[in-house]
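# Reading the structure
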Amino acid sequence: MKYYSTNKQSLLVDFKEATIRGQAPDKGLYFPEKIPQVKKEIIDGIENLSNEEIAFNVIRPYVAETIPEERLFQIVSEAINFPIPLVQVNSTIYSLELFHGPTLAFKDVGARFMSRCLGYFLKGENRKVTVLVATSGDTGGAVANGFYNVEGVDVVILYPSGKVSPVQEKQLTTLGKNIHALEIEGSFDDCQQMVKQAFTDQELNQKLFLTSANSINVARWLPQQFYYFFGYKQWVDKDHPPVICVPSGNFGNICAGILANQSGLPVDHFIAACNANDVVTKYLETSIPIAIGIKPQTTIPTLSNAMDVGNPSNFARILEIFHHQYPDLKNKLSSYSISDDDTIATIKEVLEQNNYLLDPHGAVGYLSLKKYLKANPLTKGIFLETAHPVKFPDAMEKITGKRIEVPSSLTRIMSKEKKSIKVKNEYNELKDYLLRKEVKEK
Ligand SMILES: *Cc1c(COP(=O)(O)O)cnc(C)c1O
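Conventions adopted
- Residues numbered from 1 in each chain as written.
- Predicted model: local features only at pLDDT ≥ 70, side-chain atom pairs only at ≥ 80, totals over all residues.
- Heavy atoms only, no water.
- Near = heavy atom within 4 Å.
- Polar contact = N/O pair within 3.5 Å; in protein donor to acceptor, adjacent residues only side chain to side chain.
- Areas by Shrake-Rupley, 256 points an atom, 1.4 Å probe, with all protein chains shown as cover.
- Nonpolar A, V, L, I, M, F, W, Y, C, P; charged D, E, K, R; others polar.
- Helix = DSSP H or I, 4+ residues; strand = E, 2+ residues; numbered from the N terminus.
- Contact = heavy atoms within 4.5 Å.
- Pairing = 2+ DSSP bridges.
- Axes fitted to C-alpha atoms, helices over the stretch in contact; angles between N-to-C directions.
- Phe/Tyr/Trp six-rings, centres within 6.5 Å; stacked < 30°, edge-to-face > 60°.
- Buried < 20%, exposed > 50% of the residue type's maximum accessible area, 1.4 Å probe, protein only.
- Lys NZ or Arg CZ within 6 Å of the ring centre and 35° of its normal.

### Points about the site of the ligand
- As a structural note, the neighbourhood of the ligand is formed by 15 residues, with Lys107, Asp138, Gly249, Asn250 and Phe251 the closest of them.
- The backbone of Asn253 places a nitrogen or oxygen atom 2.9 Å from an oxygen atom of the ligand.
- With the chains in place, 97% of the 380 Å² that the ligand exposes on its own is no longer accessible.
- Each residue belonging to the shell around the ligand can be placed in one class, and the counts come to six nonpolar, seven polar and two charged.

Set out below in structure tokens:
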């Protein structure tokens with residue numbers, strides 16, 4: 001399997017090279033040359049397969065010969081070694097709970113898979129890689145946790161100061177060792193912009209080997225397909241495949257779902273659930289690509305902060321899947337933009353009526369799905385519950401009037417000391433830091 005760049009100005013690479021590089025040299029995103037088809041026996045017999053077997057079969061063609069089968073099976077098994085249950089909320093809506101991993105958000109699977117692949121690729125090679133990553137909230141924690149102590153890898157995380165929740169901040173600033181947290185005086189898009197600039201800075205890239213652990217990296221993006229197969233495995237009415245609704249920010253997760261569907265997984269329709277950051281919603285309403293990849297929008301801070309993205313990188317991959325054919329895209333994908341007020345009202349309503357506690361991201365997903373099902377009766381659906389409500393204890397208490405019980409893993413982390421370096425929202429500050437770090441370590 002080879003990968004090309006969505007900008008079409010870079011050479012083809014294999015999975016190993018795409019993982020090590022992150023972004024293509026022409027600033028495009030790597031995309032598989034061919035979308036492999038999952039065997040019909042796997043879809044038809046999915047209920048009899050273990051999650052490990054399903055995941056292995058899905059990812060195998062993408063990794064191809066770059067990792068031996070036995071090793072790949074082990075990596076996959078470690079990446080998904082926690083429950084991913086489908087929970088019924090009411091008569092038409094189900095929640096696929098992706099928050100049972102170590103950092104309590106769905107990004108654990110991708111981060112754990114990528115860190116193990118990168119660790120495998122760098123073993124025995126004399127190159128040290130610096131993983132540079134921008135986070136709007138949950139990526140940082142998942143990447144820090146996944147890469148902690150991985151040999152040959154140094155991690156530098158950029159996060160917007162004051163715009164991540166206290167739990168999220170502790171998850172990325174308390175590990176130490178090979179994990180470094182930079183607190184940027186700006187928004188997530190500023191962080192992402194700085195990271196992107198670093199990848200294309202020739203001087204910097206001559207001095208150190210940089211790669212990305214954002215969902216632009218294929219090793220983080222592709223394993224997210226697993227969720228959709230696991231959801232389908234637990235879906236009872238196989239004659240009527242589910243509508244799947246995904247709380248979306250950078251659009252990596254939903255793009256992986258659409259890819260799974262293209263490779264043979266039955267899905268009735270996809271919904272991108274967005275908060276006030278609604279470029280894609282607007283695009284699907286008007287067909288005018290207002291800002292995606294062209295003119296960065298300013299980010300609007302919301303309650304569902306991991307989705308506060310004004311310029312979603314992975315939308316380029318969604319366009320690629322549909323060969324840039326707007327009617328085909330529109331046929332498979334709808335989008336809703338949900339306000340903070342409606343997010344709060346939804347959390348209250350679902351708690352009262354169904355005794356189910358949504359987190360703000362899941363609430364945006366739930367309400368978007370509900371709106372779609374209302375307009376399309378006779379359908380049923382799944383929304384992805386992407387984070388544990390306990391990651392947002394203050395917001396949740398304000399909304400529900402109740403304190404959520406905090407798991408002991410979190411109380412432990414909350415008592416640890418935060419270690420971060422404050423950095424101005426200027427690219428040169430990041431560059432200086434990276435160069436100084438490199439010199440210190442030599
Ligand atoms: C990252 C994140 C999202 C958005 O996922 P994308 O793949 O960036 O669209 C949604 N919810 C939570 C809790 C997240 O951490």
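### With respect to the side chain of Thr281
- Within the secondary structure, Thr281 is located in helix H13 (residues 279-286).
- The contacts of Thr281, once residues within four sequence positions are left out, are Cys274, Ser335, Tyr336 and Ser337.

### Notes on the sheet that holds strand E6 (residues 153-160)
- Within the open sheet, the five strands sit side by side as E8-E5-E6-E7-E13. Their pairing is parallel. Across the chains shown, the open sheet's two edge strands, defined by having one partner strand only, are strand E8 (209-212) and strand E13 (421-423). Here the average twist between neighbouring strands, direction ignored, is 30°.
- In terms of strand pairing, strand E7 (residues 179-184) meets E13 through three bridges, oriented parallel. Among the inter-strand pairings, Leu182 is bridged to a residue of E13, identified as Ile421.

### Topic: the packing of aromatic side chains
- Tallied over the full model, the rule gives 14 aromatic pairs.
- Ring plane angle 35° and centroid distance 6.2 Å describe the contact between Phe31 and Trp221, whose orientation is recorded as tilted. Residue Phe31 is located in strand E2 (residues 30-32), and its partner Trp221 is located in helix H10 (residues 218-221); the two are separated by 190 residues in the primary sequence. The same class applies to Phe31 as to Trp221, namely buried.
- Here the aromatic rings of Tyr366 and Phe383 are separated by 5.8 Å at their centres, their planes lie at 90°, and the arrangement is edge-to-face. Of this pair, Tyr366 sits in helix H17 (residues 360-375) while Phe383 sits in strand E12 (residues 381-385), placing them 17 residues apart in sequence.
- Given a relative accessible area of 0%, Phe383 falls into the buried group.
- Each member of the aromatic cluster is reached from another via a ring pair, and the members are Tyr3, Phe15, Tyr120 and Phe121.
- The cationic tip of Lys238 hangs over the ring face of Tyr232; the distance from NZ or CZ to the ring centre is 5.0 Å.

None of this, on its own, says anything about what the molecule does.
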